[in-house]
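# Fold and geometry: a report
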Amino acid sequence: MNYNLPSHLFDLPIYKKAMDIIMLSRNISTYLNQDLSYLNSDGKEDSHIYFSGDIVQQSTNLAPEIINAERERFSDKKHKHLESLDQLTYNLYNNCKRLEDSNSNGRDYLPILRGELKKFRKLQRSWMMTL
């Protein structure tokens with residue numbers, strides 16, 4: 001992998017927000033996993049535990065897609081990264097909504113993450129215009 005990152009990347013508001021979302025989703029997932037890791041009374045695991053892993057994975061992929069879109073020279077390839085970023089944020093938002101149905105005290109923090117995702121979407125729209 002080429003680590004030639006644009007110098008302005010770390011100053012981009014969208015990149016900073018992506019990093020905030022990564023940290024927030026990891027912390028929420030850790031908190032949720034403590035409540036969801038126990039087996040149900042019927043001996044089955046809580047299916048919501050998988051969504052907590054999904055929010056971490058999807059949020060971790062936000063920053064690399066921003067980097068790839070910034071580094072790409074050709075507009076068609078740039079648009080593929082932008083579409084991927086759209087899909088990630090859509091899935092991340094939906095998984096947050098699914099986790100709000102879980103039986104955990106950590107679900108109270110999910111509206112905070114969804115609020116950050118809304119802010120990210122606004123930043124994403126204005127950032128896309130600059131590419």
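This text follows the structure it describes.
Keep in mind the model is a prediction, meaning the values are calculated, not measured.

## A closer look at the environment of Thr30
You can see Thr30 is positioned in helix α1 (residues 13–36). Put simply, Thr30 and His81 are 51 residues apart on the chain and 29 Å apart in space, counted from C-alpha to C-alpha.

## Considerations on helix α4 (residues 75–99)
Its 25 residues give α4 an end-to-end C-alpha distance of 36 Å, which sits within 8% of 36 Å, the value for a rise of 1.5 Å per residue. By the burial criterion, the buried members of α4 are Lys78, His81, Leu82, Leu85, Leu88, Thr89, Leu92, Asn95, Cys96 and Leu99. Contacts from the buried residues of α4 go to α1, α2 (48–60), α3 (62–71) and α5 (110–130).

## Focus: a nonpolar patch on the surface
A cluster of nonpolar side chains, contributed by Tyr31, Tyr109 and Ile112, occupies part of the molecular surface with about 290 Å² of accessible area. For Tyr31, the location among the structural elements is in helix α1.

So, how was this worked out
Here the residue index of a chain counts from 1 through its sequence in written order. Totals for whole chains, interfaces and linings use all residues, but because this is a predicted model, local features are given only for residues with pLDDT of at least 70 and pairs of side-chain atoms are given and counted only at 80 or more. Just so you know, side-chain values use all the structure's heavy atoms and leave hydrogens and water out. Helix numbering and strand numbering both begin at the N terminus, where a helix is a DSSP run of H or I of at least 4 residues and a strand a DSSP run of E of at least 2. By definition here, a helix of n residues has an expected span of 1.5 Å times n minus one. A simple rule labels every residue: compare its accessible area, found with a 1.4 Å probe on the protein chains alone, to the largest value its type can have, and call it buried under 20%, exposed over 50%, or partly exposed in between. By the convention used here, residues are in contact when the closest approach between their heavy atoms is within 4.5 Å. Patch membership requires over 30% relative accessible area and the absence of a salt bridge. Like charges are linked within 9 Å, and nonpolar side chains (Val, Leu, Ile, Met, Phe, Trp, Tyr) within 5 Å. Surface accessibility follows the Shrake-Rupley procedure with a 1.4 Å probe radius. Residue values consider only the protein chains on display as shielding. Definition used for salt bridges: Asp or Glu carboxyl oxygen within 4 Å of a side-chain nitrogen of Lys or Arg.

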